[in-house]
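# Coordinate analysis (summary)
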Number of protein chains: 2
Amino acid sequence: MFVHQIMFAPVITVDEDCSLEDAAKIMLDRNVGGLPVVDERGDLTGIVTESDIVAREKGIPFSIYRFPQMFGEWMPHEHVERIYESARRWAVREIMSHNVVTLTEVDTIETVLEKMLTGGLHRIPVVRGRKPVGIVTRRDLLRLMLEHLPGSSQK
Amino acid sequence: MFVHQIMFAPVITVDEDCSLEDAAKIMLDRNVGGLPVVDERGDLTGIVTESDIVAREKGIPFSIYRFPQMFGEWMPHEHVERIYESARRWAVREIMSHNVVTLTEVDTIETVLEKMLTGGLHRIPVVRGRKPVGIVTRRDLLRLMLEHLPGSSQK
């Protein structure tokens, strides 16, 4: 089995100058945990993930989302406001991961698993040349595993 | 195949009053991404994960770890110091997730996969009664998959 058979495509990408606020909205709207970042030629230059920019279900305790409650008694309100305001406008290029590990459409599942395990990665973009054409996530692999369990009815 | 065959055991747990700093150190030292939290009887009461408390490789941009650089020009230095100091001393009970999804040792791999996919979970504690006895992670399942690929030499 090959990457092109399990990858999610077409992949949703964002430009390098996309704001963190917009990237977070796209991830929430499309229910994805990470977005490949492309330059003006559409070439892959980085990846930005949910954990980079938004507080999770629980709320990252050190995130600004909890500052008003946790530190409200001594952090001046206008500072909190300025953090929110400033952070929203940052571009994804400021925080994205560079040197992205990638896959090609003809890589095997074994290659996918090895790259994920070695790099501790949760999602890997699939490229044709330097253009992202799909993405494979740990979730995709767990689904594949569930479908191929002995006795499974190919859910 | 059953949970007891793939779970990591014995599981490393922390007490509810363990500090975030100590929990983060344990996760780094033992190279685990999450710790079940137990009360004074050793019963499971929550789970705390790396993303709850530490900046990741990239550094969570909204985390306090980047405040000095990002906002140094306008956030008074003593405020940054107080954030660090205060956050280090929080107890895990303040930020842990409650209502933890659990497995038993005799659950099947299918059950593990379904619970992970349904809940979007990365790790699930295994309990005997209310006592944690192991943990299963997405990484464990990817390894299992790699070992059982057709043509694999049972790495």
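Read on for a plain summary of the structure. Values in this document were obtained by computation on a predicted structure and should not be read as measured data.

### Some words on the overall build of chain A
Within chain A, the secondary structure is distributed over eight helices and five strands. Element order for chain A, N to C, with α for helix and β for strand: α-β-α-β-β-α-α-α-α-α-β-β-α. Residues classed as buried in chain A amount to 51% of the 155 residues present. Expressed as a percentage of contacts within chain A between residues at least 6 apart in sequence, the contacts between residues at least 24 apart total 54%.

### Details of the layout of surface pockets
The computed volume of the second largest pocket comes to approximately 620 Å³. Residue lining of the second largest pocket: 21 residues in total, with A:M145, A:H148, A:L149, B:M145 and B:H148 positioned closest to the centre. Counting residues per element, the ones that place at least two in the lining of the second largest pocket are α7 (109–119) and α8 (138–147) of chain A together with α7 (109–119) and α8 (138–147) of chain B. For the lining of the second largest pocket, the per-class residue count stands at 13 nonpolar, six polar and two charged.

### Examining the packing of α8(A) against α8(B)
It is the contact of α8(A) with α8(B), at a shortest axis distance of 10 Å, that shows an interaxial angle of 55°. Of the possible angle classes, the one that applies to α8(A) and α8(B) is oblique. Relative to α8(B), α8(A) is oriented so that their crossing is left-handed. Residues A:R138, A:R139, A:L141, A:L142, A:L144 and A:M145 of α8(A) pack against B:R138, B:R139, B:L141, B:L142, B:L144 and B:M145 of α8(B). Looking at the contact of α8(A) with α8(B), its residues break down into eight nonpolar, no polar and four charged.

### Structural notes on α7(A)
Where α7(A) is concerned, the buried positions are A:I109, A:V112, A:L113, A:M116 and A:L117. Along the axis of α7(A), the buried positions cluster into a sector of 120°, meaning they face one direction only. In this structure, the buried side of α7(A) is in contact with α1 (3–6), β4 (123–128), β5 (131–137) and α8 of chain A together with α8 of chain B. Positive backbone phi, approximately 60°, marks A:G120, located one or two places after α7(A).

### Focus on the sheet that holds strand β3 (residues 44–49) of chain B
Residues and elements named next belong to chain B. The sheet built from three strands is open, its strands ordered β1-β2-β3 with mixed pairing. Edge positions in the sheet fall to β1 (14–15) and β3, since each of these pairs with one other strand and no more. As judged from the five bridges shared by strand β2 (residues 34–38) and β3, these two strands associate in the antiparallel manner. Each bridged residue has a counterpart across the sheet, and for V38 the counterpart in β3 is L44. Here helix α2 (residues 20–30) sits on the sheet in contact with β1, β2 and β3, set at roughly 135° to β2.

### Describing unusual backbone geometry
Residue and element names in this part refer to chain A. With an omega dihedral of -5°, the bond running from A9 to P10 counts as a cis peptide bond. Positive phi outside glycine occurs at N99, with the angle close to 50°. Relative to the helices and strands, N99 is located in the loop between α6 (92–95) and α7. Among the residues examined, N99 registers a relative accessible area of 78% and is labelled exposed.

### Some details on the packing of α7(A) against α8(A)
Residues and elements named next belong to chain A. For the pair α7 and α8, the least separation of the axes is 11 Å and the interaxial angle reads 130°. Between α7 and α8, the crossing angle belongs to the class labelled oblique. The element α7 and its partner α8 pack so that their crossing is left-handed. On α8, the residues touching I109, V112, L113 and M116 of α7 are R138, L141 and L144.

### Things to note about the pattern of salt bridges
By the definition in use, this model includes 16 salt bridges over all chains. Where A:R41 meets A:D39, a salt bridge forms, and the shortest distance between an N and an O atom there is 3.1 Å. A:D39 gets classed as buried once you look at its relative accessible area, which sits at 10%. Residues B:R41 and B:E40 are paired through a salt bridge, measuring 3.8 Å at the closest nitrogen-oxygen approach. A residue is classified by how much of its surface remains accessible, and B:R41, at 55% relative accessible area, is exposed.

### Considerations on the sheet that holds strand β1 (residues 14–15) of chain A
Residue and element names in this part refer to chain A. With respect to topology, three strands assemble into an open sheet ordered β1-β2-β3, the strand pairing being mixed. Looking at strand neighbours, the two that pair on one side only are β1 and β3 (44–49), the edges of this open sheet. Contacts from helix α2 (residues 20–30) reach β1, β2 (34–38) and β3 within the one sheet, and its direction differs from that of β2 by about 135°.

### Focus on the side chain of B:R138
When you line up the elements, B:R138 lands in helix α8. Here B:R138 is in contact with A:R138, A:R139, A:L142, B:M116, B:G120, B:L121 and B:H122, once residues within four sequence places are set aside.

### Quick notes on the environment of B:N31
Residue and element names in this part refer to chain B. For N31, the location among the structural elements is in the loop between α2 and β2. Owing to a relative accessible area of 70%, N31 belongs among the exposed residues under this scheme. Taking the C-alpha atoms as reference points, N31 and H4, separated by 27 residues in sequence, lie 21 Å from one another.

What counts and how
Residues numbered from 1 in each chain as written. Chains lettered and ligands numbered in written order. Predicted model: local features only at pLDDT ≥ 70, side-chain atom pairs only at ≥ 80, totals over all residues. Heavy atoms only, no water. Helix = DSSP H or I, 4+ residues; strand = E, 2+ residues; numbered from the N terminus. Buried < 20%, exposed > 50% of the residue type's maximum accessible area, 1.4 Å probe, protein only. Contact = heavy atoms within 4.5 Å. 1 Å grid on protein atoms, 1.4 Å probe; cavity = no way out; pocket = protein on both sides within 12 Å on 5 of 7 lines; lining within 4 Å. Points joined across faces, edges and corners; volume = space filled by probe spheres on them. Nonpolar A, V, L, I, M, F, W, Y, C, P; charged D, E, K, R; others polar. Axes fitted to C-alpha atoms, helices over the stretch in contact; angles between N-to-C directions. Parallel < 35°, antiparallel > 145°, perpendicular 65-115°, else oblique. Left-handed = near helix turned anticlockwise from the far one by under 90°. Arc of directions from axis to C-beta. Pairing = 2+ DSSP bridges. Salt bridge = Lys/Arg side-chain N within 4 Å of Asp/Glu carboxyl O.

Taken by themselves, the reported measurements are silent on function.
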